[in-house]
Amino acid sequence: MELISENRAFGGRHCRYTHQSAVNNCKMTFAVYMPPFATEENPVPVLYWLSGLTCTDENFMQKAGAMKMAAELGMAIVAPDTSPRGDDVADDAEGAYDMGLGAGFYVNATQAPWKANYQMYDYITQELPDLIEANLPVTRERAISGHSMGGHGALVIGLRNPERYVSVSAFSPIANPTNCPWGHKALGGYLGDDQSAWQQYDASVLLAEKTHYVPLLVEQGRADQFLTEQLKPEALLNAAQKTDTQLTLNMHEGYDHSYFFIASFIDEHLQFHAGHLGLI
């Protein structure tokens, strides 16, 4: 881990790091907020935040206003980048925002040219937490959250790994990617034409398959411009109703897809996770 920058915030520290990723075969960047008084003798649990299309590790930390509450709760936040980066990393041939750089979709790509670098599922679930837990004063208690593409990633990762995350939340997630344009493009590109492989990265499909015991909290604005075509929260709700799942879906009048929406409700999500992490 190489420290890029460090800033004091609410008595704690916001740091950006880079490291060589073995699974993504390139350098990766991530941000960490460590609350006050986190030490080797007093390690703290971690909330992993996954950002959406076009974002980097910086968006959430700068725009969400989460650090004050995290400091009060005694919770670390880790915000990875949304995809591999670098001159040798594949990108969309036409420079589209919804494929390639900034759009890793938190999957393990199986198709060329993506499979050489785009192993974001393994990066988030294994390599990054192993690195964090080996180098920073944190416990092995983890929660996960995210927005849009990152909300999709958080839901899928949490549902597939309930033993690794005590709670899962999402803002405006791509809830049914096997049934929307963003999902068809990304999953088809990264995973190929076999749509049975796509289903392992669809939260609505996973939720309907079996009972899940990880508690889920989802926030969605009714004025979101992507609500009907891309996000489809009703698919998530329908799936949850088929199983004994702790899903809370809050629909908010007038709120859109932006970080104004996230900042409005981020404290409630941090408190939700803190409760399951044993902080309150």
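Here we summarise the structure given alongside this text. Everything numeric in this text was worked out from a predicted model, so none of it was measured.

### Some thoughts on the overall build of the protein
Okay, step 1: A count of helices and strands for the protein gives ten helices and nine strands.
Okay, step 2: Computed over C-alpha atoms, the radius of gyration of the protein comes to 17 Å, within 12% of the 19 Å expected from 2.2 N^0.38 for 280 residues, which places it in the range of a compact globule.
Okay, step 3: For the protein, the spread of C-alpha atoms along the principal axes amounts to about 50 × 45 × 35 Å.
Okay, step 4: Counting all 280 residues of the protein, 61% fall into the buried class.
Okay, step 5: In the protein, once contacts between residues fewer than 6 apart in sequence are set aside, the share between residues at least 24 apart is 72%.
Okay, step 6: Of the roughly 11200 Å² that the protein leaves accessible, carbon and sulfur atoms contribute 47%.
Okay, step 7: Distance between charge centres in the protein, computed from 17 positive and 33 negative side chains, equals 2 Å.

### Some points on the pattern of salt bridges
Side chains bearing opposite charge may pair, as long as their charged atoms lie close to each other.
Okay, step 1: Evaluated as defined, the whole model comprises eight salt bridges.
Okay, step 2: With a closest N to O distance of 3.6 Å, Glu6 and Arg13 form a salt bridge.
Okay, step 3: With its nearest N and O atoms 2.7 Å apart, the salt bridge here joins Glu133 to Arg142.
Okay, step 4: Looking at Arg142, the relative accessible area reads 4%, which means it is buried.
Okay, step 5: Within the structure, one salt-bridge network assembled from shared partners comprises Arg16, Asp57 and Glu58.

### As for helix 3 (residues 120–135)
Okay, step 1: Its maximal kink placed at Glu127, helix 3 deviates by approximately 30°, while the proline Pro129 follows within four residues.
Okay, step 2: For helix 3, the set of buried residues is Met120, Tyr121, Tyr123, Ile124, Thr125, Glu127, Leu128, Pro129, Leu131, Ile132 and Glu133.
Okay, step 3: Buried residues belonging to helix 3 abut strand 2 (12–21), strand 3 (26–34), strand 4 (44–50), strand 5 (76–80), strand 6 (138–146) and helix 4 (149–160).

### Digging into the packing of aromatic side chains
Okay, step 1: Scanning all chains against the criterion turns up twelve aromatic pairs.
Okay, step 2: Seen from their ring centres, Trp49 and Phe171 are 6.0 Å apart, and the 55° between their planes marks the pair as tilted. Residue Trp49 is found in strand 4, and its partner Phe171 is found in strand 7 (residues 168–171); the two are separated by 122 residues along the sequence. The same class applies to Trp49 as to Phe171, namely buried.
Okay, step 3: Judged by centre distance (4.8 Å) and plane angle (45°), the ring pair of Trp182 and Phe226 falls under tilted. One end of the pair, Trp182, is in helix 5 (residues 181–191); the other, Phe226, is in the loop between strand 8 (216–221) and helix 8 (227–231), and 44 residues separate them in sequence.
Okay, step 4: Residue Phe226 is classed as partly exposed on the basis of its relative accessible area of 24%.
Okay, step 5: An aromatic cluster of three or more residues is present, and its members are Trp49, Phe60, Phe171, Tyr255, Phe261 and Phe265.
Okay, step 6: In this arrangement the basic side chain of Arg160 is found over the ring face of Tyr121, its NZ or CZ atom lying 4.3 Å from the centre.
Okay, step 7: Over the face of the ring belonging to Tyr201 we find Arg160, whose NZ or CZ atom lies 5.0 Å from the ring centre.

### Describing helix 9 (residues 233–241)
Okay, step 1: Within the span of helix 9, buried status applies to Pro233, Ala235, Leu236, Ala239 and Ala240. Projection of helix 9 onto a plane perpendicular to its axis shows the buried side chains occupying an angular sector of 155°, all on one side.
Okay, step 2: Close packing links the buried residues of helix 9 with helix 4, helix 7 (203–209), strand 8, helix 8 and strand 9 (247–252).

### Considerations on the layout of surface pockets
Okay, step 1: Here the largest pocket defines a volume of roughly 200 Å³.
Okay, step 2: Of the residues in the lining of the largest pocket, the class split is six nonpolar, seven polar and one charged.

### Quick notes on the pairing of strand 5
For a regular strand, side chains alternate in direction, first toward one face of the sheet and then toward the other.
Okay, step 1: Counting buried positions along strand 5 gives five out of five residues, so the element sits mostly inside the fold.
Okay, step 2: Neither face of strand 5 is left uncovered, since the one carrying Ala76, Val78 and Pro80 and the one carrying Ile77 and Ala79 both have all their residues buried.
Okay, step 3: Here strand 3 pairs with strand 5 via four bridges, running antiparallel. When the bridges of strand 5 are listed, Val32 appears paired with Val78.

### A look at the side chain of Asp98
Okay, step 1: Within the secondary structure layout, Asp98 lies in the loop between strand 5 and helix 3.
Okay, step 2: Not counting the four nearest positions on each side in its chain, Asp98 is found in contact with Leu53, Ala103, Phe105, Trp182 and Lys185.

### Section: the nonpolar core
Okay, step 1: Core analysis: the biggest nonpolar cluster contains 65 residues, and Phe30, Phe105, Ile132, Ile144 and Tyr190 have the highest contact counts within it.
Okay, step 2: Per-element tally for this core: the top contributor is helix 3, with seven residues.
Okay, step 3: Contact partners of Phe105, with chain neighbours within four places excluded, come to Leu53, Thr82, Asp98, Met149, His152, Ile174, Trp182, Ala186 and Tyr190.
Okay, step 4: One finds Phe60, Met61, Ala70 and Phe171 within the second-largest nonpolar core, a separate group that totals 27 residues.

Quick notes on the rules
- Residues numbered from 1 in each chain as written.
- Predicted model: local features only at pLDDT ≥ 70, side-chain atom pairs only at ≥ 80, totals over all residues.
- Heavy atoms only, no water.
- Helix = DSSP H or I, 4+ residues; strand = E, 2+ residues; numbered from the N terminus.
- Rg over C-alpha atoms; globule rule 2.2 N^0.38 Å.
- Buried < 20%, exposed > 50% of the residue type's maximum accessible area, 1.4 Å probe, protein only.
- Contact = heavy atoms within 4.5 Å.
- Areas by Shrake-Rupley, 256 points an atom, 1.4 Å probe, with all protein chains shown as cover.
- Lys, Arg positive; Asp, Glu negative; His and termini not counted.
- Charge placed at Lys NZ, Arg CZ, Asp CG, Glu CD.
- Salt bridge = Lys/Arg side-chain N within 4 Å of Asp/Glu carboxyl O.
- Bend = angle between axes of the 7 residues up to and from the residue.
- Phe/Tyr/Trp six-rings, centres within 6.5 Å; stacked < 30°, edge-to-face > 60°.
- Lys NZ or Arg CZ within 6 Å of the ring centre and 35° of its normal.
- Arc of directions from axis to C-beta.
- 1 Å grid on protein atoms, 1.4 Å probe; cavity = no way out; pocket = protein on both sides within 12 Å on 5 of 7 lines; lining within 4 Å.
- Points joined across faces, edges and corners; volume = space filled by probe spheres on them.
- Nonpolar A, V, L, I, M, F, W, Y, C, P; charged D, E, K, R; others polar.
- Pairing = 2+ DSSP bridges.
- Core = buried A, V, L, I, M, F, W, Y, C linked by side-chain atoms within 4.5 Å.

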